[in-house]
Amino acid sequence: MAHGTNYKVAFRRRREGKTDYAARMKLVDYDKSRLVVRVSNSHATVQVIDYAPEGDITVASAVSKQLANYGYLGATGNLSAFYLTAYLCAKRALAAGVENAILDIGLKSPIKGSKIFAALKGAVDAGLEVPHGDFIFPEDERIRGEHVANYAESLDAEEVAKKFSKYFERGLNPKDLPENFEETKQNIDEAEV
């Protein structure tokens, strides 16, 4: 532990590695809403947040658990779920009058083709204007889950039942994930108009 009169204890959230205050101040300095994407092991959380001196104001929010209400049967922590969650959040933000935002990824590393950028693509495809470069997005086939369907087709029936048991519990054959993705996206469009 440091001593002396010049020592200053860092903010608690900085000590815990939860907030980079320098990056946050740069984001807050813009006069735009923030598209906040947060990743957990099994879920996606996407929010559109406005800054206010007394505290942040959440304009729109979506969590991947809510996708079940729109017919999504796949896993809630994969690329497809991140895309659809951000798509849903952006539709809600547009309905609330927010037309543009800047991406806030927190302490996550900006890795090309990652879940965070699948979420960004979902928000952009929904109509929210977010500054970006198209090269950072994952491929459309991966977002739709075609790689999962192709992998499931390459396995025999016993291996598919073992490796995709959660999908079958939800009533989805993994080979049908791309179709379920498209249906869910269409249901979001119809419900959030």
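Residues numbered from 1 in each chain as written. Predicted model: local features only at pLDDT ≥ 70, side-chain atom pairs only at ≥ 80, totals over all residues. Heavy atoms only, no water.

S.K.: Can you help me understand the overall build of the protein in this one?
M.R.: Across its full length, the protein carries 9 helices and 4 strands. N-terminal to C-terminal, the α/β element order of the protein is α-α-β-β-β-α-β-α-α-α-α-α-α. In terms of overall dimensions, the protein has C-alpha extents of about 70 × 45 × 30 Å along its principal axes. Within the protein, buried positions represent 38% of all 193 residues. (Helix = DSSP H or I, 4+ residues; strand = E, 2+ residues; numbered from the N terminus. Buried < 20%, exposed > 50% of the residue type's maximum accessible area, 1.4 Å probe, protein only.)

S.K.: Can you walk me through the confidence of the model for the protein in this structure?
M.R.: Low pLDDT means the predicted coordinates in that region are not meant to be read closely. When pLDDT is averaged along the protein, the result is 91, and 97% of the positions lie at 70 or above. Averaged pLDDT values over the elements of the protein bottom out at 72 in helix α2 (residues 21-29) and peak at 97 in helix α3 (residues 79-95). (pLDDT = per-residue confidence, 0-100.)

S.K.: Got a minute to help me understand helix α9 (residues 177-191) in this structure?
M.R.: Residues three or four positions apart in an α-helix share a direction because the helix packs 3.6 residues into each turn. The end-to-end C-alpha distance of α9 is 21 Å, a good match for the 21 Å that 15 residues give at a rise of 1.5 Å each. Of all the residues in α9, the buried ones are L177, P178, N180, F181, T184, K185 and I188. Viewed end-on, α9 has its buried residues packed into an arc of 160°, placing them on one side of the element. (Expected span 1.5 Å × (residues − 1). Arc of directions from axis to C-beta.)

S.K.: Teacher, can you tell me more about the sheet that holds strand β2 (residues 44-50) here?
M.R.: Strand pairing in a sheet is mediated by backbone hydrogen bonds. Such pairs are either parallel or antiparallel. Strand order in the open sheet made by the 4 strands is β3-β2-β1-β4, with mixed pairing throughout. Single-partner strands in this sheet number two, and they are β3 (57-63) and β4 (101-104). Each strand of the sheet is rotated relative to its neighbour by a mean of 20°, with strand direction disregarded. The sheet contacts of α3 involve β1 (33-39), β2 and β3, and relative to β3 the element is tilted by about 145°. (Pairing = 2+ DSSP bridges. Axes fitted to C-alpha atoms, helices over the stretch in contact; angles between N-to-C directions. Contact = heavy atoms within 4.5 Å.)

S.K.: When you look at the packing of aromatic side chains in this model, what are you seeing that I'm missing?
M.R.: Here the structure, examined in full by the defined rule, presents 4 aromatic pairs. Between Y83 and Y87 the ring centres are 6.0 Å apart and the planes differ by 15°, which places this aromatic pair in the stacked class. With Y83 and Y87 both in helix α3, this residue pair falls 4 residues apart, about one helical turn. Side by side, Y83 and Y87 carry an identical accessibility label, which is buried. The structure contains a cluster of three or more aromatic residues connected by ring pairs, namely Y83, Y87 and F181. Its guanidinium or amino end placed over the ring of Y167, R170 lies 5.9 Å from that ring's centre, counting from NZ or CZ. (Phe/Tyr/Trp six-rings, centres within 6.5 Å; stacked < 30°, edge-to-face > 60°. Lys NZ or Arg CZ within 6 Å of the ring centre and 35° of its normal.)

S.K.: Can you help me understand the side chain of R34 in this one?
M.R.: Along the polypeptide, R34 turns up in strand β1. Within the structure, the side chain of R34 is placed 2.7 Å from the side chain of D56, a separation counted as a polar contact. A polar contact is formed between the side chain of R34 and the side chain of D104, at a distance of 2.7 Å. Excluding residues within four positions of it along the chain, R34 makes contact with R24, L27, Q47, V48, I49, D56, A101, I102 and D104. (Polar contact = N/O pair within 3.5 Å; in protein donor to acceptor, adjacent residues only side chain to side chain.)

S.K.: How should I be thinking about the nonpolar core in this particular structure?
M.R.: Among soluble globular proteins, nonpolar side chains are generally buried collectively. With 46 residues, the main nonpolar core has L35, V48, L84, L128, F164 and I188 as its most contacted residues. Looking at this core, the element that brings in the most residues is α3, giving 11 residues. Setting aside its immediate chain neighbours within four residues, L35 contacts V46, Q47, V48, A101, I102, L103, D104, L120, A123, L128 and V130. (Core = buried A, V, L, I, M, F, W, Y, C linked by side-chain atoms within 4.5 Å.)

S.K.: What exactly am I supposed to notice about the pairing of β1 here?
M.R.: A regular strand places its side chains so that they alternate between the two faces of the sheet. Of all 7 residues making up β1, 5 are buried, and the element is well covered by its neighbours. In the sheet, β1 pairs with β4 via 4 bridges, with the strands oriented parallel. Each bridged residue has a counterpart across the sheet, and for L35 the counterpart in β4 is L103. Where β1 lies against β2, 6 bridges are found, and the strand directions are antiparallel. Across the sheet, R34 pairs through a bridge with I49, a residue of β2. With antiparallel pairing between neighbouring strands as the criterion, β1 and β2 make up a hairpin whose turn holds 4 residues.

S.K.: Quick question: what am I supposed to make of a negative patch on the surface here?
M.R.: Among the surface-exposed residues, D176, E179, E182 and E183 lie close enough to one another that they form a single negatively charged patch. Residue position: E179 is located in helix α9. (Patch = residues over 30% accessible without salt bridge, like charges linked within 9 Å, V, L, I, M, F, W, Y side chains within 5 Å. Areas by Shrake-Rupley, 256 points an atom, 1.4 Å probe, with all protein chains shown as cover. Salt bridge = Lys/Arg side-chain N within 4 Å of Asp/Glu carboxyl O. Lys, Arg positive; Asp, Glu negative; His and termini not counted. Charge placed at Lys NZ, Arg CZ, Asp CG, Glu CD.)

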